[in-house]
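Observations on the model geometry
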Amino acid sequence: MAATRPKLPSLSALPPELIEEILVQAVSDGNSEAVAALARTCKCLRDLIYEPVDRHLWRSLFLASFDDPRALRFQQDHTDCNWQKEFQDRSWCHRYLRKNFVSHKHHTRKGGIGRADLRDAAACARAVRVLFRVIQTSAPSPQPVNVHRPALVKADRDNHGQPVPLMELHSQSALWPPHFPAGRLSANIAWLEKTLSNGLPSLLMNYCADPMLLVIGWHDAPEIFALTQVLSHVGLITTPAAQPDAPAAPRYNLRHREAGPTAADTPPAHALLWDTLVEEEQRQRAWYCARQHVFNMEYLTRSRHWGPFLPVASHQETPELENDYVDDDDDDDVEDRDYIPPDDAAALLADWAWLGAARIVAECTLRAHAATGNIRKLERWDNLREGFWVPAEDDGVVDEVDLTASVGLDAQGGGEGSPKSPHERDWAGVEGVWRYVYRHRWCASTDHFAGPGALRRLEFHNFDDPALEEAWIIVPLSLRITGYSPCPIAKYAERPTIHVEGEMGGAGWVGDGEQGADDARKVYGTVSMLADGNVRWSITNLDEDNVDDEWVSEAIQLGGVGSAMGSLGMWTGARHEEDDPLGVIWQWRVG
């Protein structure tokens, strides 16, 4: 009688709880592909993984690699998480981007076009949208420790609040964001650093290297809109240089061709232009191209509310808006400089195409003039986490000093005798000392800002004009809350519009320590919510005599509410005249 072979042990014979624990441990060790691999072995295991009786397994798999979105205070849309979909999307994104780099190396060595998925715009758009969700759902930041927070108001003999002079606040504050606290690490940030270590697909990054692609596609292509969302937050992502044994790639002039490029000096359509540049050349090229997008004076229109917003009506379901302006000769009100859009915050959406270019301009400017170690304090991705500067929920929001005599809280509510809503708090981390970098272009030959005569159209060769100079300065900014008004967007009723005032260094700011010798301008403005969940910073500063409005800035918060990354945006003239300049601002809190 033939001997019966003993039955080999089967993985499916193990208790389901033990199999789930094995999968969770595999994912914790960085092997997310083990889930799909195991499911392909037999129907029993496939049903266990893909048809579970509850969400326990996928929740455990997700939390083994990523931050828990339920811990977020401000990202309400992400608290009800589809664990399976999010885990699968992020696992796919990691594989896709890593495969992209392998394909890039293959293309560089073999001289071929590369794999077809590198040209798949839909896949690129999906990948960068996943990246942005990972940024949005990063764990809340630990509160800063050992950070000096100078008092913004001092009491006089009558206990009336008097603002502390800007020079005094400047001397007590650092220039860069404080050291990030050694609290709970973010699994999302660690995943981003690993996933993006080899850069993004060249199909996307070519938009940062060719001004013509930039003009044609930055506002229209969904993959580019998603890309610029990511670049606005994490900065320019360069691609590591090709392998040493790779053949030399064709090189293209880093400076854009003069108007009217010919076939001889235009790279072929299939060329991966970004991959032909080493990392420093990539950065310089992106900087050069982004400036031409950022300093396009035709960008400034009423339809954008003179800020980095999508034109009102371009994203509305109904193009006909109620307003008093009628122009029978022009069917495109969005592009009409006389068009008066409704003053409705619900109609404004952030323009990430412009903000992405502005981030490249601001980042490259700082890198060219500041120490690398200091820049890293600002650019670290942990700074994107929400809540770094937001006071604890039980913190008071009104100083014991009576501010009504000097600041005028009664105008917006919050002063003595005014009922205080439980939502009236510094939910955005506004009050404190900030640093504010602004950058503009200057025409040295006329000693005036470069205006419409030089930059009214996207004439790229104008940026090679030796008479066109670029100026930048970092100045202190102090903000204190003067009151609140209801949020116009019902979804964010618990985040009322915050009214602020303070002081900011002007163009003549030196900061040498001599009291009263520096150019300090009064500022006022609001911090409010947009319908898309972004935080809007609107600040107006007065002229050197502190009498009339001179400049206004509109900025969007980077990262979560109250993040250490600050806000990014634009500044221009307060009266919105034809020859007003346009510049980039980036502000971050330091105390």
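Because the structure is predicted, anything quoted here is derived from the model rather than measured.

1. Quick notes on the overall build of the chain
- Within the chain, the secondary structure is distributed over 15 helices and 11 strands.
- Across the 591 residues in the chain, those meeting the buried criterion constitute 53%.
- Across the chain, the fraction of contacts at a sequence separation of at least 24, relative to all contacts at a separation of at least 6, is 71%.

2. Things to note about the pairing of strand E10 (residues 567–573)
- Within E10, seven of the seven residues are buried, which leaves it mostly tucked inside the rest of the structure.
- In this structure, strand E9 (residues 549–557) lies alongside E10, joined through seven bridges in antiparallel fashion. Each bridged residue has a counterpart across the sheet, and for Ala555 the counterpart in E10 is Gly569.
- With six bridges joining them, E10 and strand E11 (residues 582–589) adopt antiparallel strand pairing. Paired with Trp571 across the two strands is Gly583, which belongs to E11.

3. Focus on the packing of aromatic side chains
- Taken as a whole, this structure holds 15 aromatic pairs when the rule is applied.
- Between Tyr438 and Trp571, the aromatic rings sit 5.8 Å apart at their centres with planes inclined by 75°, giving edge-to-face as the arrangement. Here Trp571 lies in strand E10 and Tyr438 lies in strand E3 (residues 432–443), a separation of 133 residues in the sequence.
- Exposure remark for Tyr438: the relative accessible area of 11% places this residue in the buried category.
- One aromatic cluster is present, built from ring pairs that chain together Phe62, Phe66, Trp83 and Trp191.
- Looking at Arg304, its charged tip hangs above the ring of Tyr299, at a distance of 4.0 Å from the centre.

4. Thoughts on the pairing of E11
- The buried fraction of E11 amounts to eight of the eight residues, a majority that puts the element mostly inside the structure.
- Because side chains alternate across E11, one face comprises the buried residues Leu582, Val584, Trp586 and Trp588, and the other comprises Gly583, Ile585, Gln587 and Arg589, equally buried.

5. A look at the side chain of Gln587
- Positionally, Gln587 belongs in strand E11.
- When sequence neighbours within four positions are dropped, the list of residues in contact with Gln587 reads Trp434, Arg435, Tyr436, Leu477, Trp537, Met565, Gly566 and Ser567.

6. Remarks on the packing of helix H13 (residues 352–369) against helix H14 (residues 372–379)
- With their axes 9 Å apart at the nearest point, H13 and H14 run at an angle of 150° to one another. Classed by the angle they form, the pair H13 and H14 counts as roughly antiparallel. Judged by residue contacts, Arg359, Glu363, Leu366 and Arg367 of H13 engage Ile375, Leu378 and Glu379 from H14.

7. Considering a nonpolar patch on the surface
- Taken together, the side chains of Leu11, Leu14, Leu18 and Ile22 make up a nonpolar region of the molecular surface, amounting to roughly 300 Å² of accessible area.
- Tracing the sequence through the fold places Leu11 in the segment before helix H1 (16–28).

8. So, the pattern of salt bridges
- Taken as a whole, this structure holds 21 salt bridges when the rule is applied.
- The residue Lys154 makes a salt bridge to Glu168 at a minimum N-O spacing of 2.8 Å. Of this pair, Lys154 sits in strand E1 (residues 153–155) while Glu168 sits in helix H7 (residues 166–171); the two residues are 14 residues apart in sequence, bridging distant segments of the chain.
- Assessed through its relative accessible area of 23%, Glu168 is described here as partly exposed.
- Between Glu363 and Arg359 there is a salt bridge, with the nearest N and O atoms lying 3.4 Å from each other. Linking Glu363 with Arg359, this pair stays in helix H13, spanning four residues, or about one helical turn. The same class applies to Glu363 as to Arg359, namely buried.
- One network of salt bridges, in which partners are shared, links Lys85, Glu86, Asp89, Arg90, Arg126 and Arg133.

9. Quick word on the nonpolar core
- Grouped together as the largest cluster of nonpolar side chains are 99 residues, with contacts concentrated most on Leu61, Leu131, Leu192, Leu200, Val294, Trp354 and Trp586.
- Broken down by element, this core gets its largest block of residues, 10 residues, from H13.
- Those residues in contact with Leu61 that lie beyond four places of it in its chain are Leu23, Val24, Val27, Val35 and Phe87.

10. Description of H13
- Between its first and last C-alpha, H13 extends 26 Å over 18 residues, near the 26 Å set by a 1.5 Å rise per residue.
- Most of H13 is tucked away, with 15 of its 18 residues classed as buried.
- If you check the start of H13, you find a side-chain oxygen 3.2 Å away from the backbone N of Ala353, and it comes from Asp351.

11. Description of the environment of Arg380
- Structurally, Arg380 can be placed in the loop between H14 and E3.
- Excluding residues within four positions of it along the chain, Arg380 makes contact with Pro177, Pro178, His179, Phe180 and Met565.
- A polar atom in the side chain of Arg380 sits 3.1 Å from the backbone oxygen of Lys377.

Rules and cut-offs
Residues numbered from 1 in each chain as written. Predicted model: local features only at pLDDT ≥ 70, side-chain atom pairs only at ≥ 80, totals over all residues. Heavy atoms only, no water. Helix = DSSP H or I, 4+ residues; strand = E, 2+ residues; numbered from the N terminus. Buried < 20%, exposed > 50% of the residue type's maximum accessible area, 1.4 Å probe, protein only. Contact = heavy atoms within 4.5 Å. Pairing = 2+ DSSP bridges. Phe/Tyr/Trp six-rings, centres within 6.5 Å; stacked < 30°, edge-to-face > 60°. Lys NZ or Arg CZ within 6 Å of the ring centre and 35° of its normal. Axes fitted to C-alpha atoms, helices over the stretch in contact; angles between N-to-C directions. Parallel < 35°, antiparallel > 145°, perpendicular 65-115°, else oblique. Patch = residues over 30% accessible without salt bridge, like charges linked within 9 Å, V, L, I, M, F, W, Y side chains within 5 Å. Areas by Shrake-Rupley, 256 points an atom, 1.4 Å probe, with all protein chains shown as cover. Salt bridge = Lys/Arg side-chain N within 4 Å of Asp/Glu carboxyl O. Core = buried A, V, L, I, M, F, W, Y, C linked by side-chain atoms within 4.5 Å. Expected span 1.5 Å × (residues − 1). Polar contact = N/O pair within 3.5 Å; in protein donor to acceptor, adjacent residues only side chain to side chain.

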